[in-house]
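Survey of secondary and tertiary structure
Residue strings, one per chain:
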Amino acid sequence: MAPAEVLSGKIVSAQVRERLKQQVVEMKEKFPGFRPGLAILQVGNRDDSNLYINMKLKAAAEIGISANHIKLPNTATEADVLKCIASLNGDPAVHGFIVQLPLDSDKPINTEKITNAVAPEKDVDGLSSINAGKLSRGDLGDCFIPCTPKGCMELIRQTGIQVAGKRAVVVGRSKIVGAPMHDLLLWNHATVTTCHSKTSTLAEEVGKADILVVAAGKAEMVKGEWIKPGAIVIDCGINHVPDSTKASGKRVVGDVAYNTAKEKASYITPVPGGVGPMTVAMLMQSTVESAQRFLEKFQPGKWNIQYNKLTLKMPVPSDIEISQSCMPKPIDQVGKEVGLLPDEVELYGQTKAKVQLSALKRLKNQPDGKYIVVTGITPTPLGEGKSTTTVGLVQALGAHLHQNAFACVRQPSQGPTFGIKGGAAGGGYCQVIPMEEFNLHLTGDIHAITAANNLVAAAVDARIFHELTQTDQALYNRLVPSVNGVRKFSDIQIRRLQKLGINKTDPTSLTMEEVNLFVRLDIDPGTITWQRVLDTNDRFLRKITIGQSPTEQGFSRMAQFDITVSSEIMAVLALSDGLDDMKKRLGRMVVASSKRGEPVTADDLGVTGALAVLMKDAIKPNLMQTLEGTPVFVHAGPFANIAHGNSSVLADKIALKLVGKEGFVVTEAGFGADIGMEKFFNIKCRYSGLRPHVVVLVATVRALKMHGGGPAVTAGVPLPKEYMEENLQLLAKGCSNLNKQIQNARMFGVPVVVAVNAFKTDTKAELALVVQLAKEAGAFDAVECTHWAEGGKGAVALAQAVQRASQAPSNFRFLYNVELPVIEKIRLIAQQIYGASDIELLPEAQEKVALYTKQGFGNLPICMAKTHLSLSHDPEQKGAPTGFILPIRDIRASVGAGFLYPLVGTMSTMPGLPTRPCFYDIDLDPVSGEVHGLF
């Protein structure tokens, strides 16, 4: 018979590499910025290992794989290697990971333990017990196959001969080649015999083989005459035998006597140039396959999510009963479902987690989804259900319309939770769960803000005290102490010197005048705007005297406590787009003015770095879920009057990447559209760079009747009969407020969908009238919603309307240019949004305009602090008043957050407790640990 056809591993591996190269190009085109990643961990410095690694690195570079060679010294311990493996297992940029064997360490290391420590989904060498087990079980599509056997199979396929039904013999039973080769042939439907050093009838068994794979590690052990005529022979051996004709005195041969075997076989692999080149090619193939699996599993916009089915009850139970009746999914499962990697989800128990900001970096090249903001008409003191609508809309989009949908909501203060308002997790069958976790400590972000805020307050008064009681030199010696005879400025002190125009880094080189400038902030106590905070409603802290202890030597002053969520640090958290941005904003916060009229900042106090440390975890968004299992980010909760009243920019940005191009992110803006929505557009969107697609405007028959002239609505008091009976005339008159808020939304160029939040006392005629008048006022659509009682099912019509509106043209624009003078920006908001004829600045406000303009803050956006109960400054004026003069009592600056806030009337920043606070009903079951009485 004719000599065997040579199966050249060089040729086949080149074809494989070319194919992989094209696959990587296509991968990069589909996922910009993505690149398959291979990590090679080496212990020691063996020459042969270095040679093999260089071959792998070269092949990876040719294909377009990002290869990283990690080299540990030969002094590395087993613990060192395991620590490195754990790090690589958690690195989302590493898709394939191999440990180069043997481990060249002078310390005892268990190789089996090391190979099994590699994450099975990254074990592209296929050496872990899990991958070996899956291969032996026949799960070929869910495991990695060792590279040499995989290369052998590829060479066998090149022959075009079917493996199924053939008799195969494998000589050798090593874990790396022989054993997995047996399993691979078996699950490709060959009848397989494994031979080894103890096989007494080796020649006889070899002679039966249609397919022969030899990996015995013994030079030319298999003789040509043993081989069955026409067999396929795959020789995995690499052996050196003496050869005086070679310069090295030796030559490389396989485990098969090649010259005689090729006369009997139909196909045969040469040595070298046969199986060897295929091993590296298969490593590259497995790495690309792993990257493809990674993309399929964590592809943004491709969610495989399990929704919870609600069991609706009538009458609707209390919020906490509903919340506790639902079994939430493990929060790590929620993270996995929406495409977050395990190392991006930081668990805080079973039902809440923080999400690492690295997720945003990983997803930066992915397109954003549709951005929806939920706002409302001017509300009653009871609220009109924006949070409930936000949750209901997301449940409808996700659990009922099967769209990727993420809610982004504010974290509530504990003050109202124990006061009069109760919690803010939504209500009825539209809640974030567990609602007791949501409404109480969550992950401690508000406590971190309390600590950071009060550190600044303490620093302000301490600095005033020390400057009043010490000389310049004494201050300097304490601020820049000598440690072991060396004086050194800290980084933040260097920044202060640069701000003062002192370009020196040697503490001994400052003149006495420079020392004076450096140590004296010279804070004017009358200009201090920074207050202490507490996350509890406590009216007796609204005005206090501090510094009454004898140790403060009579340096007392009037001060106050605010509630924590009113702290500028909360607004900073909400508007930051990363750790670096947050740190800069914290440093820019102005706490007072000097006696020279210059702003004094947190950076001047030297506290910026400490604040960043306190806030380093708080900046990570909190992941929770709704009753129906859709994902929620709960992050930041700034006041909606003296701040902008919106959840964090970071939560929105991460969610928009996770939902994918066709998905939806629904966020909520506090209070009515004249406050929360206006600030969402002019402040939040200005800083985030995000552009909304749809405004959802929540309206209720109850609130519209109030705007039509109905009696006062008071929390805790039964509603008057006008709100319980049909009254179309009163309702129609009140729709003037709805009309104005629709106009306000459309002023920004965004389509508006009105959600009419139905109550059981509303009649069909009343609901139909609101829908009709909303459409006539220019709403894209208006729909009746029953989500409070029905969950997502009751908001399906709203979700469908939002889907349609998101396809409509959106010509988003800001209301004003920040370069305009401060007064003009305030006037534009007052006239265009509120309906005022003009504004009137009281003397204190006029002084602040001049001061802030002089200090360089005139180009900041405006954050109006006014009542949420009217479009005007007077909470008694309902409907859509016009022609009024808006009085501006004062203007304050949140420079770190990045806005000026004019005060329209008196703003309380510390709520008080009512006669009967909510805490009377809140209790803990000591046996079950369940919380009762929250709402």
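**Re the environment of L728**
Secondary-structure assignment places L728 in helix α28 (residues 728-746). Look at L728 and you get partly exposed, because its relative accessible area is 33%. Residues L728 and L767, spaced 39 residues apart in sequence, show a C-alpha to C-alpha distance of 9.7 Å.

**Quick notes on the side chain of S593**
You can see S593 is positioned in strand β24 (residues 590-593). Dropping the residues within four chain positions of it, S593 is found in contact with D522, I523, D524, T527, E598, P599, V600, L851 and Q855.

**Some thoughts on the sheet that holds strand β3 (residues 66-72)**
The strand order across the open sheet built from three strands is β3-β2-β4, with neighbouring strands paired in parallel fashion. Each end of this open sheet is capped by a strand with a single partner; those strands are β3 and β4 (96-99). In this sheet, neighbouring strand axes are inclined to one another by 15° on average, regardless of whether the strands run parallel or antiparallel. The pairing of strand β2 (residues 37-43) with β3 spans seven bridges and is classified as parallel.

**Observations concerning the state of the cysteines**
In the structure shown here, the tally under the stated rule is zero disulfides. Looking at C326, it has no disulfide partner, and the nearest cysteine sulfur is the one in C430, 12 Å off. Among the residues examined, C326 registers a relative accessible area of 15% and is labelled buried.

**Section: the sheet that holds strand β8 (residues 232-235)**
Within the open sheet, the six strands sit side by side as β1-β11-β8-β7-β5-β6. Their pairing is parallel. What marks the edges here is a single partner per strand, and that holds for β1 (5-6) and β6 (191-195). With five bridges joining them, strand β5 (residues 167-171) and β6 adopt parallel strand pairing. Following the sheet pairing, V171 is matched in β6 by C195.

**Topic: empty space enclosed by the protein**
Applying the stated criterion across every chain, the model contains one cavity of 30 Å³ or more. Estimates place the volume of the largest cavity at around 40 Å³. Together, F97, I98, V99, T115, V118, D123, D125 and L127 line the largest cavity. In terms of residue count, the dominant contributor to the lining of the largest cavity is β4 (three residues). When grouped by side-chain class, the residues that make up the lining of the largest cavity number five nonpolar, one polar and two charged.

**Points about the pairing of strand β14 (residues 370-376)**
For a regular strand, side-chain orientation follows a simple rule: the groups alternate between the two sheet faces. Judged by how many residues are buried, β14 sits mostly within the fold: seven of seven residues are covered. Here β14 shows a buried face lined by K370, I372, V374 and G376 and a second buried face lined by Y371, V373 and T375. Bridge analysis of β14 against strand β28 (residues 664-668) gives five bridges, and the strand direction is parallel. The partner of Y371 across the bridge, within β28, is V665.

**Considering the nonpolar core**
Formed by 136 residues in total, the largest nonpolar core has its most connected members in F406, F633, F681, L738, V754 and L886. Leave out the neighbours within four places in its chain, and L738 touches I377, L697, A699, L704, V754, V770 and A774. In terms of nonpolar packing, the next biggest core, distinct from the first, is built from 55 residues, V12, I211, Y267 and A291 among them.

**Considering the packing of α28 against helix α29 (residues 764-776)**
Helix-helix packing is described using two parameters, namely the angle between the two axes and the distance between the axes. Contact geometry for α28 and α29: axes closest at 10 Å, N-to-C directions at 35°. For the element pair α28 and α29, the recorded crossing hand is right-handed. In this structure, α28 uses L728, L731, A732, C735, L738, N739 and I742 to contact α29, whose residues at the interface are A765, E766, L769, V770, L773 and A774. For the contact of α28 with α29, the class distribution of residues is 11 nonpolar, one polar and one charged.

**Here we look at the pattern of salt bridges**
Where charged atoms of side chains with opposite charge meet at close range, the side chains can pair. What the rule picks out here adds up to 45 salt bridges. Among the ionic pairs, E437 bridges to K352, the shortest N-O distance being 2.6 Å. Here E437, found in helix α16 (residues 435-439), pairs with K352, found in the loop between β12 (345-347) and β13 (353-355); they are 85 residues apart in sequence, far enough to count as distant. Judged by its relative accessible area of 9%, K352 falls in the buried class. When the shortest N-O distance is used, the salt bridge between D890 and R892 registers 3.7 Å. Classification of D890 as buried rests on a relative accessible area of 2%. For R892, a relative accessible area of 33% translates into the label partly exposed. Each of the salt bridges in this network shares a partner with another, and the network as a whole consists of E346, K616, D617 and K620.

**Considerations on the pairing of strand β17 (residues 430-433)**
Neither face of β17 is exposed, since C430 and V432 on one face and Q431 and I433 on the opposite face are all buried. The hairpin formed by strand β16 (residues 426-427) and β17 contains two residues between the paired strands, and G428 there has a positive phi angle of roughly 60°. Of the pairings in the sheet, the one linking β17 to strand β26 (residues 622-626) comprises two bridges and is antiparallel in character. From the neighbouring strand, I433 faces β26, where its bridge partner is Q625.

**Quick notes on the environment of I569**
Following the sequence through the fold, I569 ends up in helix α21 (residues 568-575). With a relative accessible area of 0%, I569 lands in the buried category. Along the chain, I569 and P108 lie 461 residues apart, while their C-alpha atoms are 52 Å from each other. Apart from residues lying up to four places away in sequence, I569 is in contact with I449, A452, N453, W530, L586, M589 and M615.

**Topic: a nonpolar patch on the surface**
On the surface, L51, Y52 and M55 cluster together to form a nonpolar patch covering roughly 300 Å² of accessible area. Of note, Y52 is situated in helix α2 (residues 47-63).

Cut-offs used in this document
- Residues numbered from 1 in each chain as written.
- Predicted model: local features only at pLDDT ≥ 70, side-chain atom pairs only at ≥ 80, totals over all residues.
- Heavy atoms only, no water.
- Helix = DSSP H or I, 4+ residues; strand = E, 2+ residues; numbered from the N terminus.
- Buried < 20%, exposed > 50% of the residue type's maximum accessible area, 1.4 Å probe, protein only.
- Contact = heavy atoms within 4.5 Å.
- Pairing = 2+ DSSP bridges.
- Axes fitted to C-alpha atoms, helices over the stretch in contact; angles between N-to-C directions.
- Disulfide = S-S within 2.5 Å.
- 1 Å grid on protein atoms, 1.4 Å probe; cavity = no way out; pocket = protein on both sides within 12 Å on 5 of 7 lines; lining within 4 Å.
- Points joined across faces, edges and corners; volume = space filled by probe spheres on them.
- Nonpolar A, V, L, I, M, F, W, Y, C, P; charged D, E, K, R; others polar.
- Core = buried A, V, L, I, M, F, W, Y, C linked by side-chain atoms within 4.5 Å.
- Left-handed = near helix turned anticlockwise from the far one by under 90°.
- Salt bridge = Lys/Arg side-chain N within 4 Å of Asp/Glu carboxyl O.
- Patch = residues over 30% accessible without salt bridge, like charges linked within 9 Å, V, L, I, M, F, W, Y side chains within 5 Å.
- Areas by Shrake-Rupley, 256 points an atom, 1.4 Å probe, with all protein chains shown as cover.

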